[in-house]
Amino acid sequence: MTQDEVIKLVQGNQLPQYDIRDAEADEGDVFIDLERRDGTPYTCVYCGQSCLFAYDAMPRRCVEDIPLGPYRLFWRFAPMRIRCPHCGKVHVEKIAGLTPHSRQTDRFRAYLAAKCDDASVSAVARDYGLNDETVRRIDKEFLAKRELLTPNRTCEVLGIDEIAIRKGHVYATVLYDHTRKSVIHMLQGRDRKSVYAFFKAQGKEWCESVKVVTCDLWRVYKSAVRKFLPNATVVTDKFHVFKYAGDALEELRRSEYNRQADKVMDFDLKRGRFLLLKSNVHLDDRGRAWIARLKETNDDVYTAYLLKEQVIAFYEQKSKGEAEDYLKKWASACIASGLKPFVQLGKRLLRHAKSILEYFIHRVSNGFAEGINNKIKVIKRMAFGFHDFEYFRLKILSVTGYLRPYPRVLAF
């Protein structure tokens, strides 16, 4: 491109207080020299008031704008210092379209943040020749702006779950809106202090709007619902009940395998781990043959397997009354088995029977949240783990569709 063609392309898109004086190309970069437009007032960066006189000139700066096709575009200009007559401070003027101390224009920063919605920070930084930390800082800033623009919408059916964000039992609490199928917040940890702080911050009106809460049996979640959500009914998530039964079976299988580890065995419990956890209706012929062999070789594990299978029949009950009768029989069978993990499971089922049975009234669960949790894991892997939890939280809110979109910036 010739100099005149470059100037024609960018004319009218320069910084508002300046006019284009000259253009220069250097390999893949285009530099546009700007000069101050006559009669343009200077703006105080602190109080926002205008004044007509400059104090002195600063050295020439270079800021980057949205690429001009395959070329990186830079504006070169000399900002002025002013002595503000209103606040009495001497400082660099405020330049429209440019954040103080930034090396990129505001529209280029918004453009980069939009690119981060569809690609990793590293990929965006590589594509535009920037430092990873620069792009990460810009993305976090614009995500925070989007959160401020997002209204605090009420939620009638709230889901609460936890995810592991690092090894070593480091968890985060994720809160879902069942109606909109999105994450509404994520808390660092699952302790009482952080959960209570969230509900306090939401306010009385929001808390009163919640009618149903689905969660596991973690006592902090239940106590928070009782304390802050006066109109809400707790429904124990059915997928966690499946998990509790599976965990009890796995604990027994592992103890039986360890007990027999020093003996010569013609039947390997270790290899059947996933067959035991799989539902009987999903087993193939090989799996059913393995279960039949289990019945002959280890009565305790086979009994545990049958007790685990009853959770499926429990959730097939048509009414709350039928489910209540079934739950009592199932819990009693677990306790009567004498198998320690299932004795504990049976007592746990009876202890939390009220919230478990609420499922048959409201028919809601955190099943959809598993798909969202997979998205969270993908984001975590893309970043090789997040060291900044606040940035991680904002990315999750963006990806799951909770944050209001920021206006898109078009390239030249």
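Every chain's residues receive numbers from 1 upward, in the order its sequence appears when written. Local features in this predicted model are restricted to residues of pLDDT 70 or higher, and side-chain atom pairs are both shown and tallied only at a pLDDT of 80 or more, whereas totals for entire chains, interfaces and linings draw on every residue. Only hydrogens and water are set aside when side-chain values are computed; all heavy atoms of the structure are taken into account.

Bringing the sheet that holds strand β1 (residues 18-26) into the picture now. Strand pairing is assigned whenever DSSP identifies at least 2 bridges connecting the two strands. Numbering of helices and strands starts at the N terminus; helices are DSSP runs of H or I of at least 4 residues and strands are runs of E of at least 2. The strand order across the open sheet formed by four strands is β1-β2-β7-β6, and the pairing between neighbours is mixed. Edge positions in the sheet fall to β1 and β6 (61-68), since each has one partner strand and no second. Averaged over all pairs of adjacent strands, the angle between their axes in this sheet comes to 25 degrees, without regard to strand direction. The sheet contact formed by β6 and strand β7 (residues 71-77) spans six bridges and is antiparallel. By the bridge assignment, arginine 61 is partnered in β7 with phenylalanine 77. For this analysis, residues touch if any pair of their heavy atoms sits within 4.5 Å. Interaxial angles span 0 to 180 degrees and are taken between N-to-C directions of axes, which are lines fitted to C-alpha atoms, for helices over the stretch in contact. The strands touched by helix α1 (residues 3-10) within the sheet are β1, β2 (29-36), β6 and β7, with β1 carrying the most contacts at an inclination of about 130 degrees. The sheet contacts of helix α2 (residues 106-115) involve β6 and β7, and relative to β6 the element is tilted by about 45 degrees.

As a further point, take the nonpolar core. Note on terminology: a nonpolar core comprises buried Ala, Val, Leu, Ile, Met, Phe, Trp, Tyr and Cys residues joined through side-chain atoms within 4.5 Å. Using a 1.4 Å probe on the protein chains alone, a residue whose accessible area is under 20% of its type maximum counts as buried, one over 50% counts as exposed, and one in between counts as partly exposed. If you look at the biggest cluster of nonpolar residues, it comprises 58 residues, and the most contacted ones within it are Leu158, Phe199, Trp206 and Leu229. Look past the residues within four positions of leucine 158 in its chain and what remains in contact with it is Leu175, Tyr176, His178, Ile184, Phe199, Trp206, Val210, Val212, Val213, Thr214 and Leu229.

On to the sheet that holds strand β5 (residues 56-57), then. Strands belonging to one sheet form pairs held by backbone hydrogen bonds; the direction of such a pair is parallel or antiparallel. Spatial ordering of the open sheet is given by β5-β8-β9, a layout of three strands whose pairing is antiparallel. One side of each edge strand has no neighbouring strand; the edge strands of this open sheet are β5 and β9 (90-92). As paired strands, strand β8 (residues 80-83) and β9 are joined by three bridges and run antiparallel to one another. By the bridge assignment, isoleucine 82 is partnered in β9 with histidine 91.

Our next topic: the pairing of strand β10 (residues 157-166). Here is the key point about a regular strand: its side chains alternate between the two faces of the sheet. Of all ten residues in β10, eight are buried; the element is thus mostly enclosed. The pairing of β10 with strand β13 (residues 212-215) spans three bridges and is classified as parallel. Bridged to valine 157 within β13 is valine 212. Where β10 and strand β11 (residues 170-177) come together, eight bridges link them in antiparallel fashion. Looking across to β11, one finds that glutamate 162 is bridged to threonine 173. Taking the residues between adjacent antiparallel strands as the criterion, β10 and β11 are bridged by three residues, where glycine 168 takes a positive phi near 95 degrees.

Take lysine 227: it is sitting in helix α7 (residues 219-228). When the C-alpha atoms of lysine 227 and phenylalanine 74 are compared, they prove to be 56 Å apart, with 153 residues separating the residues in sequence.

Limitation: the analysis is restricted to geometry and does not speak to function.
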